[in-house]
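Structural overview
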Amino acid sequence: QVQLVESGGGLVQAGGSLRLSCAASGRSFSSYYMSWFRQSPGKEREFVAAINWSGYSTPYADSVKGRFTISRDNGKNTVFLQMNSLKPEDTAVYYCAARYGGIAVLATSYNYWGQGTQVTVSS
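The structure reproduced in this document is the subject of the present report. Each chain has its residues counted from 1, running along the sequence as written. Reporting in this predicted model follows two pLDDT cut-offs: at least 70 for local features of residues, and 80 or more for side-chain atom pairs to be given and counted; totals over whole chains, interfaces and linings ignore these cut-offs and use all residues. No hydrogens and no water enter the side-chain calculation; it runs on all heavy atoms of the structure.

**Quick notes on the sheet that holds strand S7 (residues 78-83)**
Note: strands within a sheet are paired through backbone hydrogen bonds, in either parallel or antiparallel orientation. The criterion for strand pairing is that DSSP finds at least two bridges linking the strands in question. Runs of E in the DSSP output that reach at least two residues are strands. Runs of H or I that reach at least four are helices, and both are numbered from the N terminus. A sheet is described by the order of its strands in space; here four strands give the open sequence S1-S3-S7-S6, paired in antiparallel fashion. Each end of this open sheet is capped by a strand with a single partner; those strands are strand S1 (3-7) and strand S6 (68-73). On average, each strand axis in the sheet is inclined to that of its neighbour by 15 degrees, with strand direction left out of account. Here six bridges tie S6 to S7, and the two strands are oriented antiparallel to one another. Directly across from Thr-69, in S7, lies its bridge partner Gln-82. Note on method: axes are straight lines fitted to C-alpha atoms, helices fitted across the in-contact stretch only, with angles between N-to-C directions ranging 0 to 180 degrees.

Next up, the structure:
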């Protein structure tokens, strides 16, 4: 079991930056494959970025590639999402998710979810 708590969301102007954090409690954090998803009103939850235990594998959605960076600190049981050059279309609730096993970009593949943090980008 793992519990996830996101933080760092807020209101930012287009072109600005935010850094999201996801703190995990429970054992064996380094064993979990971690991801960020986001969901806007009326839309399905979509994959944003993921990271394996070592941080070596970090796939991204095409819409955020080159602007967002995912990282993790296994010693602090935390995963981060650095978001730069934010656009109004990045506005969404951002969720942290965890699963055992390898790469997965479908939300249904993840067992554990945080409560989400709102990111709003104004134009």
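So that's the structure; there's more coming.
**A word on the environment of Trp-36**
Checked against the element boundaries, Trp-36 lands in strand S4 (residues 32-39). Judged by its relative accessible area of 0%, Trp-36 falls in the buried class. In this structure, the C-alpha to C-alpha distance between Trp-36 and Leu-20, residues 16 residues apart in sequence, is 9.6 Å. Think of it in three bands: with a 1.4 Å probe and only protein chains considered, a residue is buried below 20% of the maximum accessible area for its type, exposed above 50%, and partly exposed in between.

**A few points about the packing of aromatic side chains**
Here is the rule: rings of Phe, Tyr and Trp (six-membered ring for Trp) pair when centre to centre is within 6.5 Å. Planes less than 30 degrees apart are stacked, more than 60 are edge-to-face, and the remainder are tilted. Applying the stated criterion to the full structure yields seven aromatic pairs. Relative to Tyr-110, the ring of Phe-37 lies with its centre 5.3 Å away and its plane at 75 degrees, an arrangement referred to as edge-to-face. Separated by 73 residues along the polypeptide, Phe-37 in strand S4 and Tyr-110 in the loop between strand S8 (92-100) and strand S9 (112-113) bring together distant segments of the chain. Given a relative accessible area of 0%, Phe-37 falls into the buried group. Think of it as a cone above the ring: NZ of Lys or CZ of Arg counts as a charge over the ring if it is within 6 Å of the ring centre and within 35 degrees of the ring normal. The ring of Tyr-95 is capped by Arg-45, whose NZ or CZ atom sits 3.7 Å from the centre of that ring. Between Arg-72 and the ring centre of Phe-29, over which it is positioned, the NZ or CZ distance is 4.6 Å.

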